[in-house]
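Structural features, examined
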Amino acid sequence: MMMLQDGSTQLLCLTASSGVPLFTRGASKQLPFSVIGSLNGVHMFGGGQGVLLSHCETQGGGKVVWRVFQDSVMLIAVNGGGRDGVGSSKEEEVRLQRLLENVWNCMVLVLGQDELTNVRNVERLKRDLRSCFCLIDQLLEEKQEGMLGNLTHCADSLLPPNPTLLQEAVDGFAQAADSEFGCLIVHGRIAAATEKWWRLAPQEVVLLSALMRSLSASGSASCDYPVFLPQGSPTVAHRLLRFQLLPGADVCVLCGPTPSLQRAESGLVGRLWTPLVETLRDCLAVGERCLPGSVSLRPDVLALLLINRETRRSVSCVRTPTNHPPNDPPLPSKARCWELLKLFYIFSTTRYFTQEETLCVSPEERAQRGEDFVLGFSHQPQQCYLVTEECKSFGLQTPQHQLFLLVPLSVPTFALRTVATQTLSDIVSATGF
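These numbers were taken from a predicted model, which means no experiment stands behind them.

1. Considerations on the overall build of the chain
Helix and strand content of the chain: 14 helices and 16 strands. Looking at the chain residue by residue over its 433 residues, the buried ones come to 54%. When the accessible surface of the chain is totalled, it reaches about 19000 Å², and 51% of it is carbon and sulfur.

Spelled out as structure tokens, the structure:
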């Protein structure tokens, strides 16, 4: 079978009952219609024989993953292989399965579940699905650095220097807009949000942040956008009001029929946020580091991902050391560090650490999913490390946090745990994260 040859990922969406193609996204070279028909046909044949076909691997190292949602829509992810490093077949399968789950939730977020499960006119559905393409393309974009929430289902966050002032402002703005759901997004990451916003399902928080990034990229200063919550309200739409406060800083609320966009923009935004312009600029200055200046990281930390397991929030950053000795092994590029961080996260959570979504799943059930590696343990591992040709990686799990670190090869392996525990302590003590 002819597959993609450049290592890119292509997403196929079809009707589950008849296999009618709805859209294709991703990859510079699309698969021929005959291949798409074969991918749908082999899944339908398996279903007719009582076999659930979820994934397969090609001779060239490619991967195909199928999933049917609500007996209505079939999503197929096809990857041509060519991904190297920490990742293996298992890591790629996890990544693609998460991609399909996110794409379905994205479609529900924009169109609502009823439109997808009660298809009356296929051609009309094809047209309506175009409104999802910006979000879907964002999910497919491999070079999107710094945003790991699509993979971790934890909200990508930025820790501001003055969190109390911003928290009070977000709470006050949401209340003035007759809402309990408000959020401040800075550089595409959540800087502050109301308590009810954090109570949304983790996937909803992640997708709403992605939608905010997409709306912000459109260049509009404000918008009134209908959204469905895939878990909380998949059939009844809410209004998402979004306002640009400064370039790179946006505030939004989820609300009902009131207030109007004009009333909120003219009567609330200026009055409540103008006094905080300097505070917002200080927050914007944090930038891609995502951590305030009060946090001093060790110079041997190349990249980190820190997850708060209780709040389902995460902070991540990649750093470029300025004093790297010329005789030491070369460091991976910034883009490669982000890729290695993603791969090490999947490596750790599929083999050692518990993912929050599977806390209630028994080891036997996880083994049936292909995760039989955990059956060799009588306890829950708390630390793991990996040494590759590019860097060293260390994972640390506590009841409240998960920390994933990349460090240069020059750091002694026996010192990895010390580097990780000190990094975790420095961040938590300075920010309370």
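2. Some remarks on the packing of aromatic side chains
Applying the stated rule across the entire model yields nine aromatic pairs. Relative to Phe133, the ring of Phe23 has its centre 5.4 Å away and its plane inclined at 65°; by these criteria the two rings are edge-to-face. Taken together, the residues span a long stretch of sequence, with Phe23 in strand 2 (residues 21-25) and Phe133 in helix 5 (residues 133-140) at a distance of 110 residues. Take Phe133: its relative accessible area is 17%, and that puts it in the buried class. Between the aromatic rings of Phe344 and Phe347, the centroid separation amounts to 6.3 Å while the plane-to-plane angle is 20°, which identifies the pairing as stacked. Note that Phe344 and Phe347 are positioned in helix 12 (residues 334-351) at a spacing of three residues, about one turn of the helix. Across this residue pair, the class does not change: Phe344 and Phe347 are buried.

3. Side note on the packing of helix 5 against helix 9 (residues 202-217)
Direction vectors running N to C along helix 5 and helix 9 enclose 110°, while the axes themselves pass 10 Å from each other. By the angle between their axes, helix 5 is roughly perpendicular relative to helix 9. When helix 5 is examined against helix 9, the residues Cys134, Leu135, Gln138 and Leu139 are found in contact with a partner set consisting of Leu207, Ala210, Leu211, Arg213 and Ser214. Looking at the contact of helix 5 with helix 9 residue by residue, the classes come out as six nonpolar, two polar and one charged.

4. Digging into the side chain of Lys392
Residue position: Lys392 is located in strand 15 (residues 392-397). Put simply, Lys392 is tucked away with no salt bridge, and the nearest opposite charge, on Asp300, sits 11 Å away. At 2.7 Å, the side chain of Lys392 forms a polar contact with the backbone oxygen of Val411. Excluding anything up to four places from it in sequence, Lys392 contacts Leu386, Val387, Leu405, Leu406, Val407, Pro408, Leu409, Val411, Pro412, Thr413 and Leu416.

5. Examining the nonpolar core
The tendency in soluble globular proteins is for nonpolar side chains to be buried as a group. Membership of the largest hydrophobic core comes to 49 residues, with the highest contact counts inside it found for Phe23, Leu75, Met107, Leu129, Ile136 and Trp197. With eleven residues, helix 2 (residues 89-111) is the single largest residue contributor to this core. Setting aside chain neighbours within four positions, we find Ile136 in contact with Leu11, Phe23, Arg25, Val103, Cys106 and Met107. In terms of nonpolar packing, the next biggest core, distinct from the first, is built from 28 residues, Leu184, Ala192, Leu246 and Val269 among them.

6. Some thoughts on the packing of helix 7 (residues 163-176) against helix 10 (residues 261-273)
With their axes 11 Å apart at the nearest point, helix 7 and helix 10 run at an angle of 155° to one another. Between helix 7 and helix 10, the interaxial angle falls into the category roughly antiparallel. The hand of the helix 7/helix 10 crossing is right-handed. The segment helix 7 lies against helix 10, with Leu166, Ala169, Val170, Gly172, Phe173 and Ala176 engaging Arg263, Leu268, Val269, Leu272 and Trp273. Split by residue class, the contact of helix 7 with helix 10 holds nine nonpolar, one polar and one charged.

About the cut-offs
- Residues numbered from 1 in each chain as written.
- Predicted model: local features only at pLDDT ≥ 70, side-chain atom pairs only at ≥ 80, totals over all residues.
- Heavy atoms only, no water.
- Helix = DSSP H or I, 4+ residues; strand = E, 2+ residues; numbered from the N terminus.
- Buried < 20%, exposed > 50% of the residue type's maximum accessible area, 1.4 Å probe, protein only.
- Areas by Shrake-Rupley, 256 points an atom, 1.4 Å probe, with all protein chains shown as cover.
- Phe/Tyr/Trp six-rings, centres within 6.5 Å; stacked < 30°, edge-to-face > 60°.
- Axes fitted to C-alpha atoms, helices over the stretch in contact; angles between N-to-C directions.
- Parallel < 35°, antiparallel > 145°, perpendicular 65-115°, else oblique.
- Contact = heavy atoms within 4.5 Å.
- Nonpolar A, V, L, I, M, F, W, Y, C, P; charged D, E, K, R; others polar.
- Lys, Arg positive; Asp, Glu negative; His and termini not counted.
- Salt bridge = Lys/Arg side-chain N within 4 Å of Asp/Glu carboxyl O.
- Polar contact = N/O pair within 3.5 Å; in protein donor to acceptor, adjacent residues only side chain to side chain.
- Core = buried A, V, L, I, M, F, W, Y, C linked by side-chain atoms within 4.5 Å.
- Left-handed = near helix turned anticlockwise from the far one by under 90°.

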